[in-house]
Amino acid sequence: MRGFSLIELLVALAILAIATAVALPIYNAYSVRAERTGIQADLLRCAQGMERHANVAMDYEGAVDTDGDGAGDASTGLVSRNICAVDSRAYTVTVHAADAVRFVLRARAVHADSPVGRDGMLELDSRGARRWDRNNDGDFDDDGETGWQP
């Protein structure tokens, strides 16, 4: 007789299930880290856009283009093309606060219940301070949340 016995097939299937159970969490963690790295680059690029705006306007106010005409008309809101292009599809980037002398950019996950959403939001301000809400509690007041490094 040729072929595999039922026991041999079940053993092969069990090995495949164990390998999948080990590999899937590793892949998900890698995916979340890759998305976080991408949004960090986006935040840095948007900070450069805010600096370009301030070089022309002499302040950070009014950088956000809410009506799509290419000129800034609001101080807070989703970043617009005149500030930067956000490559991440998992995060949205907003100008959280902006006044004459400082700004705060914030990145939040598009879907809060996704693995990326459970990773917490990120911030970058005009002084270069980086914050990451590692425990995803909605603030940056906890220990270890004053940088982007894991």
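Since we're looking at a predicted model, the values are computed, not measured.

> Tell me about the packing of aromatic side chains, residues and numbers included.
Under the criterion given, the structure shown has 1 aromatic pair. Ring centres of Y60 and F103 lie 4.9 Å apart, and the angle between their planes is 70°; on these two criteria the pair is classed as edge-to-face. Taken together, the residues Y60 in the loop between α1 (6-57) and β1 (77-78) and F103 in strand β3 (residues 103-109) connect sequence positions 43 residues apart. Since its relative accessible area comes to 9%, Y60 is described here as buried. F103 sits in the buried class, given a relative accessible area of 2%.

> Account for α1, with residues named and values stated.
Over its 52 residues, α1 runs 74 Å from end to end, which matches the ideal 76 Å to within 8%, given 1.5 Å per residue. Within α1, burial applies to V32, R36, I39, Q40, D42, L43, C46, A47, G49, M50, H53 and A54. The inward-facing, buried residues of α1 abut β2 (91-98), β3, β4 (122-125) and β5 (130-132). Directly beyond the C-terminal end of α1, a positive phi value near 70° is found at M58.

> If you had to explain the side chain of D59 to someone new, which residues and values would you point to?
With respect to the secondary-structure elements, D59 resides in the loop between α1 and β1. One buried charged side chain, D59, makes no salt bridge at all; its nearest oppositely charged neighbour is R102, positioned 12 Å away. When neighbours within four sequence positions are excluded, D59 is seen to be in contact with H53, A54, D99 and A100.

Rules behind the numbers
Residues numbered from 1 in each chain as written. Predicted model: local features only at pLDDT ≥ 70, side-chain atom pairs only at ≥ 80, totals over all residues. Heavy atoms only, no water. Phe/Tyr/Trp six-rings, centres within 6.5 Å; stacked < 30°, edge-to-face > 60°. Helix = DSSP H or I, 4+ residues; strand = E, 2+ residues; numbered from the N terminus. Buried < 20%, exposed > 50% of the residue type's maximum accessible area, 1.4 Å probe, protein only. Expected span 1.5 Å × (residues − 1). Contact = heavy atoms within 4.5 Å. Lys, Arg positive; Asp, Glu negative; His and termini not counted. Salt bridge = Lys/Arg side-chain N within 4 Å of Asp/Glu carboxyl O.

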